Amino acid sequence: MDKTAVLDLPEALSRADGDQDLFLTLARLFVQESSKEAAAARAALGRQDRAGLTAAAHKLKGSVMVMCAPRLFESTKRLEELGRQGEFAEASPVCADVETRLAEVHAALRELIAGGFPS
Amino acid sequence: MQIKERTATQGIILDVEGDLTYANQGVFKAAVEKAKQTGCRHLIVNLEQVRFVDSAGLGLLVLVSQSFKQLQAQVSILKPQSYVREIMSLANIPKLIPIFEREEDALMARAA
Amino acid sequence: MNSNAMQPTGQAADLSVQPALVATILLVEDEPVTRASMAARLTRLGYRVLEAENGRVGLDVARRERPDLLVVDWMMPEMDGPTFCEAVRRDPLLKSSQLLLMTAHDQPAQIAEGLVRGADDFLSKSASKQEITARVLAGLRTSRLVRELETTGDELKSSMLLLEKKQAETEADLQTAATFVQSLLPPQGSPVHGIALAWEYQPSLTLGGDLFGVMAIDEDHLGLYILDASGHGVAAALRSASLMTFLRGENILQLLGSYDPEKVLFEANRRFPLSADGDYFTLWVGQLHLPTGSLTYASAGHPGALLSSAQSPSRWLTRSSFPLGFDPSARFTNDRLGLKSADRLFLFSDGIYEVPSPSGELWGRDRFQGVIDAEKQTSLSATIAACFSKARGWQQAHHFPDDAAVVGIELTGGPKGTFNG
C-alpha cells in the first residue's frame, strides 16, 4: 500500500476483484461499522479495558484493510499493539489519531459513493 | 495339478501330474472333455506322477469311464503309484477300469 | 440465528457448473466489512456462500448444512479461529471437514499453531483472487476426496454388517439342519430286548456326511447300516440325508419285504448313481436275526465293519466291492455269520482311523482294531469312548478333520455261547 495516501484506490479496487459496485457497497458498510468500532475502542480505553481495546482496534483494522486506507491502517495497527500491551497512556493519542484519520477516510468514501470512481 | 495331452496311434494319453482331488476336478474334467471332442476311442490316464487320489478323484475316474463306455470307447489307467493303487483296489476299480504297467500294453489292449 | 446466505447476484460465475454441483463454503468472520468482502469474492468465483458472524453460529450452520469447505477468521471474540478448528475436530459429524484459517499476517509460528489445532490450510485476508481460487480449489478437492473415502468406508461397513448377518443366518440354518439330521440317528440305548447299542459321532463340520442307522425291522430282525458320501461339506451331507431316508426300516420293508442286505444294496445302487460331478456313496448293510443271532451282511465299498468276540480275535467283515453308482448293473453278495452272546459288532467311518499324527502318519485300521481288542472287558460305550480318546491322542488335536463315527452293538441275552433271548 502507498503509505502516504488516505485511500489507495487502485489497490482497494483490486481487492474487490475490479468490481466498482462491490467496492461501493463495502464502502457504505464500512462507514456504518467503523464508527461503531472506533467508539468501542474509545470507550474501552476510557475504562482501561485491555481486551476490549485490543478487540475493537483489531476489528477496525480488519475493515480498514478492505478499504485500503494506509495511514488509518498504520494508526489502527499501532492502537491494537498498544492495547495488547496494556499501554493505555500511549494508546490515548493514538486513539485520537485513529479518529482523525477515520474522519478523513469517511469523507473520501462519501465522495466516491456520491460521485462514482474517477475515470 | 497339470495335465499334458499326447496323441498315440490308438488313442490319447493324459499325463497327470499332482493330486487327483476334489480341488483339481475342474482341470481333469476339462482335459477329458477336450480328448472326448476329438472322438478319441481310447483314453489312457497316466497316473505315474500322481501321489494322491481322494474319494472325489476316484469318482471322477469312474465317471469318465462310464461316459466313455456309453460312447463305445475305453478308459485305461497307467502306472498308478502303490498308495494310489491300494486306494483303487479298495474301491474295486480294477474290475471297472483296466490298469496297466506299460504304455505299450495299454495301447495294445484297445487294438485287441 | 444471525447467519445469512448471500444469494448469487447474477454476476458471471467463473465456473459454469450445474446448480446441484456448486460447492458450499461456510465463512466464519466476525468483522462485517471483511465478511462481506470475502463472501462477495467467493460468490463471484461461483460458490454458494454461507456466513456466520461467530464460532458458535458457525458450528450450528456447519452441522446443519455440511459445507464442503469452512473459511474461518483467526481472531474473533469469544471463540477464535483455532478454537473453532478444535471444536470441529472434536465433533463426530464435522471432524473430517476442510478448514481454511484466515490470517492477517503470514507468521510461521501462527501457521504452526493453526495446523496443530486443526486447520488444513491458510488464506491471507489480502490474498489476490488467484490465491483465493487456488486455496479454495485445493480445499474443495481434498474435501471431495475425504467424502468419497468416508462413503466407501460407510458402504464397506454396511456390507460387512450385512455379510455378518447373512453368515449368522447361514450358521443358524446349518445348525437347524444338523439338529434335524441328528434326530434321524438312532437313539442311544437298547433298540430291542437283548441288544445293547452305543455310538459316538463327531461330524467335522456342523453338518456331517457319514450317517448310520440301527433299527428294529420287525419283531425278529434288526437292521443296521453305515454310509459315507464322497466329498465334503453341505452338499455331501445333503446327499447322505437323502440316502438315509431311503434306508429307513419302514421304507425298505415296504419296498423289498425285508432288510436283506444284498437286495438293499442292489436297489440303492440303482437309485443312487454317480452324480454329474462323480459323487458317490459307500454303504455297509447288515440284518441280524434276533432269535438265532445270525448276521447277514453285504458291502458296497464300505470297509468299516469289525466283529469282536469274547473268545476269538476280532475280524473285519468286508470284502472288496464297488461303491454305489460305480457299476449300475452290479450285484452284491451276502455273507453270513452266527453271533453269540457278548459278541460286539462295530460299524465305523474312516474318519476315526484316518487321522494323521503331527508327523503325518495315519493312526490306521490296525491300531483301531487294537483298541477294540484291548477294551473287551469294559462296557460298550467305554470302548467307543476309548477309540475317540486314543484317536485324539494320536493326532494331538480334539477336532477330527473328517466325520468320525463309531457305532457298537452287543448281544446281551442268554449265557455266553448261546443266543436265545
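On a predicted model such as this, the values are computed, not experimentally measured, just so you know.

Attention shifts here to the overall build of chain B. Summing up its helical and strand segments, chain B has four helices and five strands in all. Taken from the N to the C terminus, the helices and strands of chain B come in the order β-β-α-β-α-β-α-β-α. Summarising the internal contacts of chain B: among those between residues at least 6 apart in sequence, 71% fall at separations of at least 24.

Below, the discussion takes up the overall build of chain A. A count of helical and extended segments in chain A gives five helices and zero strands. Going residue by residue from the N terminus, the α and β elements of chain A occur as α-α-α-α-α. Within chain A, the fraction of its 119 residues that count as buried is 42%. Looking at chain A alone, contacts between residues at least 24 apart form 59% of all its contacts between residues at least 6 apart.

Here the focus is the interface of chain A and chain C. In this complex, chain A contributes 14 residues to the contact, which on the side of chain C involves 14 residues. Sorting the residues of the side of chain A that touches chain C by element identifies α2 (20–46) and α3 (50–67) of chain A as the ones contributing at least two each. Tallying contributions element by element places α3(A) first for the side of chain A that touches chain C, with seven residues.

Below, the discussion takes up the sheet that holds strand β15 (residues 344–348) of chain C. Residues and elements named next belong to chain C. Spatial strand order, β7-β16-β15-β12-β13: five strands in an open sheet with antiparallel pairing. Each having just a single partner strand, β7 (195–202) and β13 (315–316) make up the two edges of the open sheet. Of the pairings in the sheet, the one linking β7 to strand β16 (residues 404–411) comprises eight bridges and is antiparallel in character. Within β16, the residue paired with Ile195 across the bridge is Leu411. Lying over the sheet, helix α10 (residues 380–395) contacts β7, β15 and β16, oriented at roughly 20 degrees with respect to β7.

Turning to the environment of B:His42, a few remarks are in order. Among the structural elements, B:His42 can be located in strand β3 (residues 42–53). For B:His42, a count of 20 C-beta atoms within 10 Å corresponds to the buried category.

A word on the environment of C:Leu324. All names here are of chain C. Here Leu324 shows up in the loop between β13 and β14 (335–338). Remark: the alpha-carbon pair of Leu324 and Glu267, spanning 57 residues in sequence, is separated by 9.8 Å. Once you skip the residues sitting within four places of it in the chain, Leu324 turns out to touch Ala268, Asn269, Phe272, Tyr280, Phe281, Leu283 and Ala300.

Moving on, we get to the interface of chain C and chain B. Listed by partner, the interface residues are 14 residues for chain C and 13 residues for chain B. Taken together, the residues that form the side of chain C that touches chain B break down as six nonpolar, six polar and two charged.

Here we come to the confidence of the model for chain B. Residues and elements named next belong to chain B. Residues at a pLDDT of 70 or more form 97% of chain B, whose mean pLDDT is 90. Per-residue pLDDT, averaged within each element of chain B, yields its smallest value for helix α4 (residues 103–111) (80) and its largest for strand β4 (residues 74–78) (95). Across the assembled chains, the prediction reports ipTM 0.93 with pTM 0.63.

The biggest cluster of nonpolar side chains holds 100 residues, and the ones touching the most others in it are B:Leu43, B:Val45, C:Leu283 and C:Val407. Apart from residues no more than four positions distant in its own chain, B:Val45 is found in contact with B:Leu14, B:Val16, B:Leu61, B:Val75, B:Ile77 and B:Leu78.

Turning to the sheet that holds β4(B), a few remarks are in order. All names here are of chain B. Taken together, five strands build an open sheet; the order of strands is β1-β2-β3-β4-β5 and the sheet is mixed. Looking at which strands have only one partner, the edges of the open sheet turn out to be β1 (2–7) and β5 (99–100). In terms of strand pairing, strand β2 (residues 12–20) meets β3 through seven bridges, oriented parallel. Following the sheet pairing, Asp15 is matched in β3 by Asn46. With respect to the sheet, helix α1 (residues 25–37) is in contact with β1, β2 and β3, its orientation differing from that of β1 by roughly 15 degrees.

Below, the discussion takes up the pairing of β2(B). Residues and elements named next belong to chain B. As paired strands, β1 and β2 are joined by six bridges and run antiparallel to one another. The residue bridging Lys4 from the neighbouring strand is Asp15, located in β2. Counted along the chain from β1 to the antiparallel partner β2, the turn is four residues long. Taken together, β2, α1 and β3 form a β-α-β motif whose crossover is right-handed.

Analysis parameters
Residues numbered from 1 in each chain as written. Chains lettered and ligands numbered in written order. Predicted model: local features only at pLDDT ≥ 70, side-chain atom pairs only at ≥ 80, totals over all residues. Helix = DSSP H or I, 4+ residues; strand = E, 2+ residues; numbered from the N terminus. Contact = placed C-beta atoms within 7 Å. Buried ≥ 20, exposed ≤ 12 C-beta atoms within 10 Å, placed from the backbone. Pairing = 2+ DSSP bridges. Axes fitted to C-alpha atoms, helices over the stretch in contact; angles between N-to-C directions. Nonpolar A, V, L, I, M, F, W, Y, C, P; charged D, E, K, R; others polar. pLDDT = per-residue confidence, 0-100. Core = buried A, V, L, I, M, F, W, Y, C linked by C-beta atoms within 7 Å. Right-handed = clockwise from strand over helix to strand, strands pointing away.

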